[in-house]
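Results of the structural survey
Read off the chains here:
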Amino acid sequence: MVAKKPRVVVVGAGISGLAAAQRLCGAGGDRFEVTVVEAGARVGGRILTSEFAGHRVEMGATWVQGVVGSPVYALARDAGALVEEKEGGLPYERMDGFPDRVLTVAEGGEVVDGDTVAGPIAELYRGMMEAARAGEAGDGGGVEEYLRRGLRAYQAARSGGGGKELEEVEEALLAMHINRERTDTSADDLGDLDLTAEGEYRDFPGEHATIPGGYSRVVERLAAALPPGTVRLGLRLRRLEWGETPVRLHFADGAPPLTADHVILTVSLGVLKASLGKDASGAGGAAIAFDPPLPPFKREAVARLGFGVVNKLFMEVEAVEPSGPEDGGCGGDVHPAAAPPDFPFLNMAFRGLVAKIPWWMRGTESIYPVHAGSSVALAWFAGREAAHLESLPDDDVIRGVHATLDSFLPATPRWRVKRIKRSGWATDPLFLGSYSYVAVGSSGEDLDLMAEPLPRGPDTADERAPPLRVLFAGEATHRTHYSTTHAAYPSGVREANRLLQHYRG
Ligand SMILES: Cc1cc2nc3c(=O)[nH]c(=O)nc-3n(C[C@H](O)[C@H](O)[C@H](O)COP(=O)(O)OP(=O)(O)OC[C@H]3O[C@@H](n4cnc5c(N)ncnc54)[C@H](O)[C@@H]3O)c2cc1C
């Protein structure tokens, strides 16, 4: 008689789910029957390479955060995605690395001197954040208040004061760095970020790099290595009965249920948060009903950890000569092609002067060409601004960008946006946000709890080992690399290894 193979269903075909499946099918040989169920119509999840105005752009994961020893970078290399294709190779984000020169401008159009004003404030900010991560921020008032106290002390120590205008610009520069931190971490409010716990986060060593052939090539390679038919698209898990083995998976739209000995759940922390509510039909149908409910330790970790919104706005820009004062400098002739100017790498210090600039534009730190000389510019948004951006019609977005550019780059030619492309991670029911952070009230321990399989104790039928009915992978289950693909990928491998070990034991 042929022994029945353990059946494993992986929920989610993001990089963590695909990594788990590949490890089970690879190292596991033929020992497991593996299926990956994915609610969406594609693999990759929060990795999504797209095209816009003749460029390759990333709507989600963009950077390999440290290339030395990075498993993701190694996968990209194996996929041939680090080599620029000779023909048909599109220009891509930051293909020329980071620029040497940035233009820092204060709202109203005043260029901020890099050596005497912008540089020292950047240094001050860096030093204060390092101290805060080392637990030296002191109590009272949260991170932003701590930073403002530091700025006031810096200003008070300056001989001759500097004047009110300079102080206002410095405050605006500080706010610019805060916006950058919000995007890096996804925390809407820095006061909600546990900076000491966040000090556990690690990048890989080496430079940060984008992937010439696109991030999606990494996940496509993982998917291609799986036996045909392993990944089943368009199957959205709605209900998980995990009280006994086999576990039962029920899907939306009347798709037939599946049973499994083990489920590896890789859905985002946003989807898990939505699943904590009593009404599983809430959150645009994103919620998964757990039967029995998730135990308190898991529910509490899910609730405590932070999961924020970060969105990218791509803009195709062109330089325009204003045709007259009556149109406010808009709608003129395209700048003569002989010497088209380059869009600058623009850092923006907002100081609340120009009423036409909408509030949500004030949450971005910079607008910059995706590579030097590119006609595609990019701005990142976090928190409530990022969420609001998803709700606006294109015309409103373009109007808001124009008001901003007219204030920060008032000289002619003026910059006009021809069209835009943006991500929408908050409203997409398959994600409900962008990535996780350690919120005040949570800790690195919660990330460890996220990774713990269910049920916690040994199986009553087999006292030797826990039955590992539901295992958890995904970026929010990794203590030191959370929020990144460097967390998601190894978390999938980790859970596959857990099963391999289980059957070895
Ligand atoms: C704007 C943005 C920028 C980023 N930048 C970077 C970066 O520069 N560098 C970096 O390393 N990381 C970055 N990240 C984070 C990175 O993309 C993620 O950490 C990583 O891709 C998460 O992978 P995952 O497998 O854990 O989850 P996901 O990719 O979310 O995979 C989970 C899968 O589960 C599916 N799913 C959801 N619900 C169900 C259901 N009920 N049934 C079945 N399937 C379901 C989803 O469709 C999805 O495919 C960025 C993310 C965003 C959004």
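Here the structure is a predicted model, which is why all the values come from computation and not from measurement.

On to the overall build of the protein chain, then. Of regular secondary structure, the protein chain possesses 14 helices and 21 strands. Taken over the C-alpha trace, the protein chain has a radius of gyration of 25 Å; the compact-globule value for 505 residues is 23 Å, and the two agree within 12%. Viewed in the frame of its principal axes, the protein chain has a C-alpha envelope of about 85 × 55 × 45 Å. Among the 505 residues that make up the protein chain, the fraction classed as buried is 53%. Partitioning the intrachain contacts of the protein chain with sequence separation of at least 6 by distance along the chain shows that 75% fall at a separation of at least 24. Surface summary for the protein chain: the accessible area is close to 21500 Å², and the carbon and sulfur share equals 52%. Charged side chains of the protein chain number 53 positive and 69 negative; the gap between the two group centres comes to 6 Å.

Glancing now at the site of the ligand. Close to the ligand lie 38 residues, the nearest being Ser16, Glu38, Arg46, Trp63 and Thr485. A distance of 3.1 Å separates an oxygen atom of the ligand from a polar backbone atom of Ser483. Thr485 has a polar backbone atom sitting 2.9 Å from an oxygen atom of the ligand. Relative to its unbound accessible area of 1000 Å², the ligand is 99% covered by the protein chains. For the shell around the ligand, the secondary-structure elements that each account for two or more residues are helix H1 (15–26), strand S2 (33–38) and helix H14 (485–504). Each residue belonging to the shell around the ligand can be placed in one class, and the counts come to 20 nonpolar, 14 polar and four charged.

Note the cis peptide between Thr245 and Pro246, where omega equals 5 degrees. Mapped onto the elements of the fold, Pro246 is located in the loop between strand S8 (237–241) and strand S9 (247–251). Backbone torsion omega between Leu454 and Pro455 reads -10 degrees, so that peptide bond is classified as cis. Relative to the helices and strands, Pro455 is located in the loop between helix H13 (444–451) and strand S21 (470–472). Its identity as a non-glycine residue notwithstanding, Ser483 has a phi of 85 degrees, on the positive side. Relative to the helices and strands, Ser483 resides in the loop between S21 and H14. Classification of Ser483 by relative accessible area gives buried; the value is 18%.

By domain assignment, the protein chain separates into domain 1 (7–48 + 217–305 + 434–503) and domain 2 (114–199). Each of domain 1 and domain 2 was reduced to a C-alpha centroid, and the two centroids are 38 Å apart. With nine residues of domain 1 at the contact, the number on the domain 2 side is eleven residues. Surface buried jointly by domain 1 and domain 2 totals about 780 Å² across both partners, of which 48% is contributed by carbon and sulfur atoms. Sorting the residues of domain 1 by area buried against domain 2 places Tyr435, Tyr437 and Val440 first, and these three jointly supply 62% of that buried surface. Connecting domain 1 to domain 2 are zero salt bridges.

As a further point, take the side chain of Ser436. With respect to the helices and strands, Ser436 occurs in strand S20 (residues 435–437). There is a polar contact of 2.6 Å between the side chain of Ser436 and the side chain of Glu475. Setting aside anything within four residues of it in sequence, one finds Ser436 in contact with Thr185, Ser186, Leu269, Gly306, Phe307, Glu475, Ala476, Tyr482 and Ser483.

What counts and what doesn't
Within each chain, residues carry numbers counting from 1 in the order of the written sequence. The predicted origin of the model limits local features to residues at a pLDDT of at least 70 and limits the giving and counting of side-chain atom pairs to 80 or more, whereas totals for whole chains, interfaces and linings rest on all residues. Hydrogen atoms and water are omitted, and side-chain values are computed over all heavy atoms in the structure. Runs of E in the DSSP output that reach at least two residues are strands. Runs of H or I that reach at least four are helices, and both are numbered from the N terminus. Here the globule rule reads 2.2 Å times residues to the power 0.38, and the radius of gyration is calculated from C-alpha atoms. Throughout this description, buried means an accessible area under 20% of the type-specific maximum (1.4 Å probe, protein chains only), exposed means over 50%, and partly exposed covers the range between. Any pair of residues with heavy atoms lying within 4.5 Å of one another is described as a contacting pair. Note on areas: Shrake-Rupley with a 1.4 Å probe; residue coverage comes only from the protein chains shown. Residues scored as positive are Lys and Arg, those scored as negative are Asp and Glu, and His as well as the terminal groups of each chain are ignored. We put the charge of a Lys on NZ, of an Arg on CZ, of an Asp on CG and of a Glu on CD. Whether a residue is near a molecule or strand depends on its heavy atoms: it is near if one of them lies within 4 Å of it. Definition of a polar contact: a pair of N or O atoms within 3.5 Å, with one able to donate and the other able to accept a hydrogen when the atoms are protein atoms, and with sequence-neighbouring residues admitted only if both atoms are side-chain atoms. As a working rule, the residues Ala, Val, Leu, Ile, Met, Phe, Trp, Tyr, Cys and Pro are called nonpolar, Asp, Glu, Lys and Arg charged, and the rest polar, with Gly in that last group. Where each domain begins and ends is defined by an automated method or by a domain database. Take the accessible area each of two parts loses on contact, using a 1.4 Å probe, and add the two losses: that sum is the buried area. Throughout this description, the term salt bridge denotes a Lys or Arg side-chain nitrogen within 4 Å of a carboxyl oxygen of Asp or Glu.

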